[in-house]
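Chain by chain, the residues run as shown.
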Amino acid sequence: MSNATLSPQRSSLRGATLPKWFAWAVAAGSVVLGLGISAAAGLGSSIQWALIAAILFVVGSYGISAKVEGRRQAKDRTATSLVWVAFLLAVIPLASLIWETVKRGIKVLDGYFLTHSMGVVADTEPGGGIYHAILGTLEQVGLATLISVPIGVLTAIYLVEYGRGRLAKAVTFFVDVMTGIPSIVAGLFILSLWILILGMGYSGFAGSMALSILMIPVVVRSTEEMLKLVPNELREASLALGVPKWRTILKVVLPTSLGGITTGVMLAIARITGETAPVLLLVWVTNFINSNPFSDPQASLPMYIYLQYANSGGSGAAYDRAWAAALTLIAFIMILNLVARGIARWKAPKTGR
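As the structure is a prediction and not an experimental result, all values here were calculated from the model. (Residues numbered from 1 in each chain as written. Predicted model: local features only at pLDDT ≥ 70, side-chain atom pairs only at ≥ 80, totals over all residues. Heavy atoms only, no water.)

Quick word on helix α14 (residues 301-310)
Okay, step 1: Among the 10 residues in α14, 7 count as buried, and that is most of the element.
Okay, step 2: Buried within α14 we find L301, P302, M303, Y304, I305, L307 and Q308. (Buried < 20%, exposed > 50% of the residue type's maximum accessible area, 1.4 Å probe, protein only. Helix = DSSP H or I, 4+ residues; strand = E, 2+ residues; numbered from the N terminus.)

What follows is the structure in structure tokens.
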């Protein structure tokens with residue numbers, strides 16, 4: 001019997017597949033169709049045609065893939081398309097915000113602007129700077145950090161290493177509640193206690209106490225999660241050598257989780273840096289330099305931005321100062337995040353030899 005008779009008809013185990021550039025082609029076609037539909041319907045908003053293009057991209061990817069590759073592969077491509085659409089919906093507004101802030105804020109952002117205060121410059125006049133606001137923000141955030149970090153780290157150590165029973169559950173519950181407290185509530189609490197009941201005046205320290213209320217639960221939660229990631233074998237090995245538990249925590253647990261704890265602290269600082277409500281209630285505002293956070297009102301970047309916009313009276317100079325201050329605040333927060341990532345990578349456990 002010949003080989004031709006014995007050999008069965010070959011059937012491919014792999015179905016038809018679309019080329020790698022398929023997604024880019026569908027995306028380009030969706031954009032063109034979205035622009036065409038928007039022009040035909042008289043839609044002038046960029047958001048409208050972008051949403052139409054996104055819908056066409058998802059539907060087109062599924063339809064063509066189902067026809068060529070089958071419904072199973074089409075569902076996979078649809079899920080991938082939805083992920084990309086969600087990613088673009090999140091990134092495009094953020095990129096647009098950063099671009100607009102840089103474009104408007106770079107006009108007056110220079111050395112003079114960073115090293116001078118408003119002083120006797122009126123909000124509607126050109127000139128002035130944000131030195132007093134930068135100084136106030138750094139002092140207020142620094143004091144809040146000095147208050148929050150020891151309390152937050154020690155609370156997390158108690159919950160992970162010692163906490164058992166009702167007390168630990170109560171502490172966990174209140175930490176969860178504090179995580180969702182609005183900043184205005186923290187400001188009202190310090191206002192009623194520190195200023196109205198105790199009779200203390202407006203100061204940067206009062207604002208720092210309110211900011212610490214917002215910062216403590218973030219530090220507790222991030223530190224608690226980092227301590228839980230430390231392997232129990234390290235603790236057991238230290239205890240087996242006769243090392244006391246407090247020394248094990250100090251010499252083994254904390255150094256192992258230091259990178260993650262530092263990252264959590266940096267993110268907590270970035271979270272409170274832009275808060276305006278506690279500053280408005282407790283610190284108030286001044287156009288002059290006040291380097292003493294424990295006495296008299298003090299400026300801050302969030303309040304500076306708000307006042308330059310609110311009291312501008314249509315002045316272009318005030319708008320430019322507000323955008324430049326916003327750019328400075330964004331840059332400060334970005335630097336904190338980069339420092340946190342650098343410390344986390346530097347202190348990350350080394351793998352391999």
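Details of the UniProt feature "transmembrane region" (unreviewed entry) in the chain
Okay, step 1: Per the UniProt record, "transmembrane region" (unreviewed entry) is found at residues 21-41, 47-66, 78-99, 141-160, 172-196, 202-220, 252-272 and 322-344.
Okay, step 2: Structurally, residues 47-66 comprises 100% helix and 0% strand, and the distance from its first C-alpha atom to its last is 29 Å.
Okay, step 3: In residues 252-272, the share of helix is 95% and the share of strand is 0%. The end C-alpha atoms are 30 Å apart. (UniProt positions renumbered as here; feature names shortened; annotations may be inferred.)

Quick word on the packing of aromatic side chains
Okay, step 1: According to the stated counting rule, one finds 6 aromatic pairs in the structure shown.
Okay, step 2: For the pair Y202 and W284, a centre-to-centre distance of 6.5 Å together with 35 degrees between the ring planes defines the contact as tilted. With Y202 in the loop between α8 (183-197) and α9 (204-228) and W284 in the loop between α13 (277-282) and α14, this pair connects stretches of sequence that are 82 residues apart.
Okay, step 3: With a centroid separation of 5.2 Å and an interplanar angle of 40 degrees, the aromatic rings of F205 and F294 are classed as tilted. Highlighted residues: F205 in helix α9 and F294 in the loop between α13 and α14, separated in sequence by 89 residues.
Okay, step 4: An aromatic cluster is built from W194, F205 and F294, whose rings are joined through pairwise contacts. (Phe/Tyr/Trp six-rings, centres within 6.5 Å; stacked < 30°, edge-to-face > 60°.)

Considerations on a nonpolar patch on the surface
Okay, step 1: A surface patch of nonpolar side chains, about 610 Å² in accessible area, is lined by F189, L193, L196, I197, L198 and M200.
Okay, step 2: Relative to the helices and strands, I197 is located in helix α8.
Okay, step 3: With a relative accessible area of 64%, I197 lands in the exposed category. (Patch = residues over 30% accessible without salt bridge, like charges linked within 9 Å, V, L, I, M, F, W, Y side chains within 5 Å. Areas by Shrake-Rupley, 256 points an atom, 1.4 Å probe, with all protein chains shown as cover. Salt bridge = Lys/Arg side-chain N within 4 Å of Asp/Glu carboxyl O.)

Notes on the domain arrangement of the chain
Okay, step 1: On domain assignment, one finds that the chain holds domain 1 (11-104) and domain 2 (131-347).
Okay, step 2: With centres defined by C-alpha atoms, the gap from domain 1 to domain 2 works out at 40 Å.
Okay, step 3: Each side of the interface is counted separately: domain 1 has 4 residues, and domain 2 has 4 residues.
Okay, step 4: If you look at where domain 1 meets domain 2, you find 0 salt bridges. (Domains from an automatic or database assignment. Contact = heavy atoms within 4.5 Å.)

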